[in-house]
Amino acid sequence: MSLAEEREEGEYERAPKRFKTAEAEEGEDLEEGEDSDSASAGLIGDVEDVPVPGGDKRAHWSTSKCGSRGKDSGDDAHRIAPSPVVHVRGLCESVVEADLVEALEKFGTICYVMMMPFKRQALVEFEGLESADKCVACGTSEAVYIAGQQAFFNYSTSKRITRPTNSDDPNSGNKVLLLSIQNPLYPITTDVLYTVCNPIGSVLRIVIFKRNGIQAMTVQNAQKAKAALNGADIYAGCCTLKIEYARPTRLNVIRNDNDSWDYTKPYLVRREQGKGRQRQAILGEHPSSFSDNGYGSHCPLLPLPSNNRYKRGSHDIPEVVAYPLPQTSSYIGHSSSSVAMVSGLHPTKMNCTRIFNLFCLYGNIEKVKFMKSVPGTALVEMGDEYAVDRAITHLNSIKVFGKRLSVCVSKQHAVIPSQVFELEDSTSSYKDFSMTRNNRFTSAGQASKNIIQPPSCVLHFYNVPPCVTEEELQRLCSEHDVPGYIKFKVFDAKPCSKTISGLLEFDSKTHAVEVLTVLNHYQIRIPNGSNPYTLKLCFSTSSHL
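An unreviewed UniProt entry lists the protein under the name Heteroous nuclear ribonucleoprotein L like, from Paramormyrops kingsleyae.

K.L.:
Residues and numbers for the nonpolar core, please.
P.N.:
In this structure, Ile 234, Ile 355, Leu 358, Phe 359, Ile 365 and Leu 519 are the most contacted members of the largest nonpolar core, which totals 87 residues. The greatest single-element share of this core, amounting to 6 residues, is contributed by helix 9 (residues 509-519). Within the second largest apolar cluster, 24 residues are counted, among which are Val 113, Val 136, Ile 146 and Ala 151.

K.L.:
Which residues make up the pairing of strand 3 (residues 85-89), and what are the values?
P.N.:
Of all 5 residues that make up strand 3, 5 are buried, and the element is covered over most of its length. Burial of the side chains of strand 3 extends over both faces: Val 85, His 87 and Arg 89 are buried on one face and Val 86 and Val 88 on the other. As defined by bridge partners, strand 3 adjoins strand 7 (residues 149-155) across 4 bridges and the pair is classed as antiparallel. Following the sheet pairing, His 87 is matched in strand 7 by Asn 154.

K.L.:
Any chance you could break down the sheet that holds strand 24 (residues 487-490) for me, citing the residues and the numbers?
P.N.:
Read across the sheet, 4 strands follow the order 24-25-23-28 without closing on themselves; strand pairing throughout is antiparallel. Edge positions in the sheet fall to strand 24 and strand 28 (536-539), since each of these pairs with one other strand and no more. Going across the sheet, the axis of each strand differs from the next one's by a mean of 20°, ignoring polarity. With 4 bridges connecting them, strand 24 and strand 25 (residues 500-505) associate as antiparallel partners.

K.L.:
Please give an account of helix 9 that cites residues and values.
P.N.:
In terms of burial, helix 9 is a largely internal element, 8 of the 11 residues being buried. Listed in full, the buried residues belonging to helix 9 are Ala 512, Val 513, Glu 514, Val 515, Leu 516, Thr 517, Val 518 and Leu 519. The inward-facing, buried residues of helix 9 contact helix 5 (352-359), strand 19 (399-400), strand 23 (458-464), helix 8 (470-479) and strand 28. Where helix 9 terminates, the next one or two residues include His 521, which has phi positive at roughly 70°.

K.L.:
An account of the sheet that holds strand 17 (residues 365-370) is requested, with residue identities and associated values reported.
P.N.:
With respect to topology, 5 strands assemble into an open sheet ordered 21-16-18-17-22, the strand pairing being antiparallel. Looking at strand neighbours, the two that pair on one side only are strand 21 (406-409) and strand 22 (430-432), the edges of this open sheet. Here the average twist between neighbouring strands, direction ignored, is 20°. The sheet contact formed by strand 16 (residues 339-343) and strand 21 spans 4 bridges and is antiparallel. Among the inter-strand pairings, Ser 343 is bridged to a residue of strand 21, identified as Ser 406. This element, helix 5, spans strand 16, strand 17, strand 18 (377-382), strand 21 and strand 22 of the sheet and lies at about 140° to strand 17.

K.L.:
Describe the packing of aromatic side chains, and please don't skip the residues or the numbers.
P.N.:
As enumerated under the stated definition, the model contains 8 aromatic pairs in all. With 5.3 Å between their ring centres and 80° between their planes, Tyr 186 and Tyr 235 make a pair best called edge-to-face. Of this pair, Tyr 186 sits in the loop between strand 8 (176-182) and helix 3 (190-197) while Tyr 235 sits in strand 11 (residues 233-235), and the two are 49 residues apart along the sequence. By relative accessible area, which is 1% here, Tyr 235 ends up buried. Judged by centre distance (6.3 Å) and plane angle (90°), the ring pair of Tyr 485 and Phe 506 falls under edge-to-face. Placement of the pair is Tyr 485 in the loop between helix 8 and strand 24 and Phe 506 in the loop between strand 25 and helix 9, with a sequence separation of 21 residues.

K.L.:
Before we move on, can you summarise the side chain of Ser 540 with the specific residues and values?
P.N.:
If you trace the backbone, Ser 540 turns up in the segment after strand 28. Side-chain polar atoms of Ser 540 contact the backbone nitrogen of Ser 542, separated by 2.9 Å.

Conventions we followed
- Residues numbered from 1 in each chain as written.
- Predicted model: local features only at pLDDT ≥ 70, side-chain atom pairs only at ≥ 80, totals over all residues.
- Heavy atoms only, no water.
- Core = buried A, V, L, I, M, F, W, Y, C linked by side-chain atoms within 4.5 Å.
- Buried < 20%, exposed > 50% of the residue type's maximum accessible area, 1.4 Å probe, protein only.
- Helix = DSSP H or I, 4+ residues; strand = E, 2+ residues; numbered from the N terminus.
- Pairing = 2+ DSSP bridges.
- Axes fitted to C-alpha atoms, helices over the stretch in contact; angles between N-to-C directions.
- Contact = heavy atoms within 4.5 Å.
- Phe/Tyr/Trp six-rings, centres within 6.5 Å; stacked < 30°, edge-to-face > 60°.
- Polar contact = N/O pair within 3.5 Å; in protein donor to acceptor, adjacent residues only side chain to side chain.

The structure is reproduced here in structure tokens:
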């Protein structure tokens, strides 16, 4: 949604953020699972004083590019013209928008703040160039601390931060916010969003929809909620909120359920398709002690909305809001099985390994088994129910090799290696992946590096030997009978890096899915090399190059 002007260094592992912030991303984020030695964007350098006409000193970045790729011809390439937009680097992991405003408003009126939490950077737009000059000059001559850590400042190449929508104006009077949930490792429901948003200001309505991931619209005290929650993590290291002012000025809710809720009409009748209008139940759908598994108490993940929702005011807001990670035994919104059933598989082009290559982006894969009685259908046992939820959310109804996949929760609770047979490509119909090193959620640290993305036409590749060229990757696609890419980009490598990474853009999302399905975890061997390199692919956060 925003213009990318600087190339930033990506950061994955983040501390849980206080719910006080604003966030948006500029440039290109590193993608899920990138190894620590993978190539990234520019490195942060020292700030130097540069004389300019008029006797002023303006700061510029003295950056060092590594390796033979992307070297600049001289220092002139780093000089940036003065701009009302200031680029801030070196922020701490838990910094929020309120911290930036508090530290920098002494230089002048701040119009807009764009947070980049994955990179510990931000853009700050001042009302006038003079204020930006003061900020950059002060940061050059003395240490400026934001949230207890010294930050570094330079002019942005943008003259104005592009707002996501025309309505993104605190003075517009729009009370509807658009929430995009990035890296949604856990299910997001109206109860979850209500519990997060209501302490900031009374929530009137919530509507959740799936478009480019998970998004929702809420009606409440928009300006206050945006400042307090934008950029915060609902759960530690994931489910990051990106908040903008929405174009609609009103939300229409026709029923109260997990995807929509009108809190001004808590008794809205639930309607099921084909049954018409139902009689309103005086005491709800069932006794409060009844759960889906029978009578008995259960512990919800987050406090469910109650009658006190109308009484909570802004004075109740805690300074720091921290929620625990979901507990599998207590959360009632996820699927009831860790096994997914996948149908619509191409009879000759899909096998256990290729299913693993695609589904491993959303959770660990334990076992894969094709069903002999139902051709083109397989069972995928994943690490937990949340992984199945993510796979269904992002992979259901996508097209692979001309056939549309159907992904749903299986009634089976485990995959049993029975009735093993040979597929049409001569591979086994059953395979155990529980011990493979290619699973990407084997530890909390590794899982936090994964950015959960829906399929897109841009793939991120990493763990590739530096000697591999663009032509060799294109030839690899041809040899495996998958579509070639139309654009290619390599990130600048770090000095100690033994691999490179970059982006590949394809004609369509379907082409990118097919390439990932076939080439993910392909073993690249190089002359005189002792061990092969495992090519790793994932969907990029970029929509195009």
